[in-house]
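Architecture at a glance
Residues per chain, in single letters:
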Amino acid sequence: MNELTRFSLQRRHLLATVAATAAVAAAPQAWAQAPAASRVLRVGHQKGWLSILKGRGTLEKRLAPLGVKVTWTEFNAGPVQLEALNVGSIDFGDVGEAPPIFAQAAGAPLVYAGATVPRPALEAVIVPNGSPIRNVADLKGKRVAYNKGSNVQYFLVKLLEKNGLKYGDVQSVFLAPADARAAFEKGAVDAWIIWDPFLAAAQKTLDARLLADATGVVNNRAYYFTSRDFATKNTDVLRIAIEEVNAIDTWASKNKTAAAAELSAVLGLDKSITELYLNRAKFGTAPVTREILAEQQQIADTFFDLKLIPKKLNLLHAAPVDLL
């Protein structure tokens, strides 16, 4: 099953997710019946910075004078959020680099609303501490685990290119993070490519050795998305939402100890893990530019070349409605 098919099949499972969450359970038609003077921003999120924003209540305070109500629904992964956007159940969410590519290829009406600064140190290739693999060239012929169709697959392609290797020079083992961790721990794979906080957890609890992170290879941004219809009618709401996300980023950058404690509670991880994660993180979120879309275009082109998506994409079709 290719990743585009897998993304499309998320639709079959979305109803179960919707039934399990009260905010999504409200049919989209209910919002259409609301008084014309009121608006609703339905936020979908994964455990992380948006969870902290929700707890602060600052977004609600900023939007209240505009007559905008905010609702929150938690999801366990970015692709499910994007499918919720596609069926009209949410208006805003957070995701990594790869899922929006598959969503756009599947016809979702997504628009990029914001992007973080580059965070290359938050994804890396790790090996067991006693591994004979000492550099990227040593990965040739080795079993490398990673999540297919994710940001780390793009990172792997570019890392191998930079070190004179081809994508086919390694044995790719496609595993989701939990399964990859188990395979790594058992020695069933030689290396694992993963992102934070899974990366920090592996370093802290599995004595994993960092072979190479994405510094100088790829940017590894996170993204915030919306639908074209919502963006067209609510540019003021989206501007405030991105400002409030950036405010959380700014706070975390200046209060890493407190941020690590708060994030550890949200993620259910030991504080030493979130401290390692945050100490190498870069902070800042802003609207998406043409230059950032060009980065996503490179990922989309790479995925097309790998036959992960069936057609070439034009990332300008997912550009913010007010892109300059």
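Please refer to the structure higher up on the page.
Description of the structure in this document. Keep in mind the model is a prediction, meaning the values are calculated, not measured.

Remarks on the overall build of the protein chain
- Helix and strand content of the protein chain: 15 helices and 11 strands.
- A total of 324 residues make up the protein chain; the buried ones form 51% of that total.
- Summed over all atoms, the accessible surface of the protein chain reaches about 14,200 Å², with 53% contributed by carbon and sulfur.

Considerations on the side chain of Thr274
- Its location among the elements puts Thr274 in helix H14 (residues 271–279).
- At 3.0 Å, the side chain of Thr274 and the backbone oxygen of Lys271 are in polar contact.
- Beyond its immediate chain neighbours, meaning those up to four positions away, Thr274 contacts Ala260, Leu263, Ser264, Leu267 and Leu269.

Focus on the packing of aromatic side chains
- Within this structure, the stated rule accounts for seven aromatic pairs.
- Where Trp49 meets Phe283, the ring centres are 6.3 Å apart and the plane angle is 80 degrees; that geometry is what we call edge-to-face. Residue Trp49 is found in helix H4 (residues 49–56), and its partner Phe283 is found in the loop between H14 and strand S11 (285–286); the two are separated by 234 residues along the sequence. Here Trp49 matches Phe283 in class, with each residue buried.
- Arranged with centres 5.5 Å apart and planes meeting at 85 degrees, the rings of Tyr146 and Phe174 form a pair that is edge-to-face. Of the two residues, Tyr146 is situated in strand S6 (residues 143–146) and Phe174 in strand S7 (residues 171–174); the sequence distance between them amounts to 28 residues.
- Taking the relative accessible area as the measure of exposure, Phe174 reaches 40% and is therefore partly exposed.
- The ring of Trp251 carries the charged tip of Arg56 above its face, separated from the ring centre by 4.3 Å.

So, the packing of helix H8 (residues 151–162) against helix H15 (residues 290–305)
- Where H8 meets H15, the axes come as close as 10 Å, and the angle between the chain directions of the two elements is 85 degrees. As summarised for this structure, H8 and H15 are arranged roughly perpendicular, according to the angle between their axes. In this structure, H8 uses Tyr154, Val157 and Lys158 to contact H15, whose residues at the interface are Gln298, Ile299, Thr302 and Phe303.
- Partitioning the contact of H8 with H15 into residue classes produces four nonpolar, two polar and one charged.

Rules and cut-offs
- Residues numbered from 1 in each chain as written.
- Predicted model: local features only at pLDDT ≥ 70, side-chain atom pairs only at ≥ 80, totals over all residues.
- Heavy atoms only, no water.
- Helix = DSSP H or I, 4+ residues; strand = E, 2+ residues; numbered from the N terminus.
- Buried < 20%, exposed > 50% of the residue type's maximum accessible area, 1.4 Å probe, protein only.
- Areas by Shrake-Rupley, 256 points an atom, 1.4 Å probe, with all protein chains shown as cover.
- Polar contact = N/O pair within 3.5 Å; in protein donor to acceptor, adjacent residues only side chain to side chain.
- Contact = heavy atoms within 4.5 Å.
- Phe/Tyr/Trp six-rings, centres within 6.5 Å; stacked < 30°, edge-to-face > 60°.
- Lys NZ or Arg CZ within 6 Å of the ring centre and 35° of its normal.
- Axes fitted to C-alpha atoms, helices over the stretch in contact; angles between N-to-C directions.
- Parallel < 35°, antiparallel > 145°, perpendicular 65-115°, else oblique.
- Nonpolar A, V, L, I, M, F, W, Y, C, P; charged D, E, K, R; others polar.

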